[in-house]
Amino acid sequence: MLSTGLGHLRVAGRTMLNAVLPPLCLGCGEIVETPGGLCAACWPGFSFIAPPYCARCAHPFVHAIGAEALCGACAMRPPRYRRARAALVYDERSRKLVLPFKHGDRTDIARACGGWMARAGAELLADADLVAPIPLHWRRLFMRRYNQAQLLARITVAAAPSTRARLVPDLLRRRRWTGSQTGLAGKQRHDNVRQAFDVHPRWAALLAGKSVLLVDDVFTTGATAEACVRVLQRGGARHVDVLTLARVVRPAV
Ligand SMILES: [Zn+2]
Ligand SMILES: [Zn+2]
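To keep things clear, this report deals only with the structure shown in the data block. Positions within a chain are numbered from 1, following the residues in the order the chain's sequence is written. Chain A is the first chain written and ligand 1 is the first ligand written, with later ones labelled in order. This being a predicted model, a pLDDT of at least 70 is required before a residue's local features are given, and a value of 80 or more before pairs of side-chain atoms are given or counted; all residues contribute to the totals for chains, interfaces and linings. Excluding hydrogens and water, the side-chain figures rest on all heavy atoms present in the structure.

Numbering goes from the N terminus for both helices and strands, where a helix is a DSSP run of H or I of at least four residues and a strand is a run of E of at least two. Secondary structure assignment for the protein chain yields nine helices and seven strands. The buried share among the 253 residues of the protein chain stands at 45%. For the protein chain, the share of sequence-separated contacts (at least 6 apart) that also reach a separation of at least 24 residues comes to 72%. Just so you have it, the protein chain exposes about 13600 Å², and 58% of that area is on carbon and sulfur atoms. Three labels apply to residues, based on accessible area from a 1.4 Å probe with only protein chains included: buried if under 20% of the type maximum, exposed if over 50%, partly exposed otherwise in between. A contact between two residues is defined here by any heavy atoms of the two lying within 4.5 Å. Each accessible area is a Shrake-Rupley result for a 1.4 Å probe, and residues are judged covered by the shown protein chains and nothing else.

Here the focus is the pairing of strand β2 (residues 130-133). Here β2 shows a buried face lined by Leu130 and Ala132 and a second buried face lined by Val131 and Pro133. A pair of strands is treated as paired once DSSP finds two or more bridges between them. Where β2 lies against strand β6 (residues 211-219), four bridges are found, and the strand directions are parallel. Across the sheet, residue Leu130 finds its bridge partner in β6, namely Val212.

Take the packing of aromatic side chains next. Side-chain rings of Phe, Tyr and Trp, where Trp is taken by its six-membered ring, are said to pair if the distance between their centres is within 6.5 Å; with planes under 30 degrees apart they count as stacked, over 60 as edge-to-face, and otherwise as tilted. Taken as a whole and judged by the stated rule, the model has three aromatic pairs. For the ring pair Phe48 and Trp116, a centre distance of 5.0 Å and an interplane angle of 85° mean the geometry is edge-to-face. Remark: Trp116 occurs in helix α4 (residues 107-120) and Phe48 occurs in the loop between α1 (2-20) and α2 (72-76); sequence separation between them is 68 residues. You can call Phe48 partly exposed: its relative accessible area is 29%. You can call Trp116 buried: its relative accessible area is 7%. Centroid distance Tyr81 to Phe219: 6.1 Å. Interplanar angle 85°. Geometry classified as edge-to-face. Taken together, the residues Tyr81 in the loop between α2 and β1 (84-89) and Phe219 in strand β6 connect sequence positions 138 residues apart. Judged on exposure class, the residue Tyr81 and its partner Phe219 are both buried. By the ring-pair criterion, three or more aromatic residues cluster together here, those being Trp43, Phe48 and Trp116.

Let us look at the side chain of Arg247. Along the chain, Arg247 turns up in strand β7 (residues 239-247). The charge count includes Lys and Arg as positive and Asp and Glu as negative, but it does not include His or the ends of the chains. Note on definitions: salt bridges are taken to be side-chain nitrogens of Lys or Arg within 4 Å of carboxyl oxygens of Asp or Glu. No salt bridge forms around the buried Arg247; measuring N to O, its nearest opposite-charge neighbour Glu226 is 11 Å away. Here a polar contact is recorded for every N or O atom pair within 3.5 Å, except that within protein the pair must consist of a potential hydrogen donor and a potential acceptor, and residues adjacent in sequence are included only if both atoms are side-chain atoms. Among the polar contacts made by the side chain of Arg247, one reaches the main-chain carbonyl oxygen of Cys57 at a distance of 2.5 Å. Aside from chain neighbours lying at most four places away, what touches Arg247 is Ile49, Cys57, Ala58, His59, Ala86, Leu88, Val89, Tyr90 and Phe219.

This part takes up the packing of α4 against helix α6 (residues 148-158). Helix axes are fitted only over the stretch in contact, all axes being lines through C-alpha atoms; the angle between N-to-C directions runs from 0 to 180 degrees. For the pair α4 and α6, interaxial distance at closest approach is 8 Å and the crossing angle is 65°. The angle between the axes of α4 and α6 places the two elements in the roughly perpendicular class. Crossing handedness for the pair α4 and α6: right-handed. Contacts from Ala110, Arg111, Cys113, Gly114, Met117 and Ala118 of α4 reach α6 at Leu151, Leu152, Ile155 and Thr156. In this classification, Asp, Glu, Lys and Arg are treated as charged, Ala, Val, Leu, Ile, Met, Phe, Trp, Tyr, Cys and Pro as nonpolar, and every other residue, Gly included, as polar. When grouped by side-chain class, the residues that make up the contact of α4 with α6 number seven nonpolar, two polar and one charged. Orientation labels follow simple angle bins: below 35 degrees gives roughly parallel, above 145 gives roughly antiparallel, 65 to 115 gives roughly perpendicular, and whatever is left gives oblique. By definition, any crossing whose near helix is turned counterclockwise from its far helix by less than a right angle is left-handed, and any crossing with a clockwise turn is right-handed.

Here we take up the sheet that holds β7. Within the open sheet, the five strands sit side by side as β1-β7-β6-β2-β3. Their pairing is parallel. Bordering the open sheet on either side are β1 and β3 (166-167), each of which pairs with just one other strand. Relative to β3, β2 runs parallel, the two being bridged by two bridges. Counted as the bridge partner of Leu130 is Arg166 from β3.

Take α4 next. By definition here, a helix of n residues has an expected span of 1.5 Å times n minus one. Taking 1.5 Å as the rise per residue, α4 with 14 residues should run 20 Å; its terminal C-alpha atoms sit 20 Å apart, in good agreement. Those residues of α4 that fall on the buried side of the exposure criterion are Ile109, Ala110, Ala112, Cys113, Gly114, Trp116, Met117 and Ala118.

A word on the coordination of the zinc ion (ligand 1). Around the zinc ion (ligand 1), the protein contributes the donor atoms Cys25 (SG), Cys28 (SG), Cys39 (SG) and Cys42 (SG), at 2.3 to 2.4 Å from the metal centre. Listed donor atoms are N, O and S within 2.8 Å of the metal (Na, K and Ca: 3.2 Å). As water is not included, a site may look incomplete. Any coordination sphere not matching a tetrahedral pattern (four donors, all angles between 85 and 135 degrees) or a square planar or octahedral pattern (four or six donors, opposite donors over 155 degrees apart, other angles between 65 and 115) is reported as irregular. Geometry at the zinc ion (ligand 1) is tetrahedral, judged from its four donor atoms and the angles of 104 to 115° they form at the metal. On the primary sequence, the residues serving as donors to the zinc ion (ligand 1) are separated as C-x2-C-x10-C-x2-C. The exposure class assigned to Cys42 is buried, which follows from its relative accessible area of 6%.

Moving on: the coordination of the zinc ion (ligand 2). Under perfect tetrahedral coordination by four donors, a metal shows angles of 109.5 degrees; under perfect octahedral coordination by six donors, it shows angles of 90 or 180 degrees. At this site the zinc ion (ligand 2) is bound by Cys54 (SG), Cys57 (SG), Cys71 (SG) and Cys74 (SG), with donor distances of 2.3 Å. Geometry at the zinc ion (ligand 2) is tetrahedral, judged from its four donor atoms and the angles of 105 to 114° they form at the metal. For the zinc ion (ligand 2), all donor residues lie on one chain, and their spacing in sequence is C-x2-C-x13-C-x2-C. In this pair, Cys54 sits in the loop between α1 and α2 while Cys74 sits in helix α2, placing the two residues 20 residues apart along the sequence. For the pair Cys54 and Cys74, one class covers both residues: buried.

See the structure below:
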């Protein structure tokens, strides 16, 4: 009883603080009008990804060349996923945004990111039957209080009230320790994660014929996403899309 009472007090205290303290810009900490926002000075510094882009991986194009156009990489080697979308280019600015809430104490940032992801992935969310986070993989679980991808999946679904998709946090499991991906080249990364995931037996029957939306924080080479997509397709998924908060965008060659 006592702990429940204290919990209530703590929640009430936080609500009061939220009402009293002015909302702060997520970029620089200046006061802004709405919580989870960016000030006018910071807004242009964030690279939000918007069309025109590759129909499959959303790699930004300089010029519009048709809604179905593919980037060179996707044309040469079509990805297993149907579509990948991200809210932001992964750069100096968005990295600073992603890092603080990796540690779970900036829920205002998480809420804003959920809104941006819901917008970037609106088409994907509209088509999805199931939404699932990519399980913690090469990152060190013991250094984390939670799976960031799971938090992002939850707040993205919450920010998209019209979606009929069901959030299934444990659809995929990480089967084995894959070690650090850092310092590995593309091919090695693929080999490293290939056997790393499986579908939780609890959801095996549910998966057949479903459209799945995978959620993660950052899309780097796509090796982890591809490994998860392969497992889901083998499990009978009809389509798999991928939505991340940020993605690495390599300069066009
Ligand atoms: Zn600012
Ligand atoms: Zn592409």
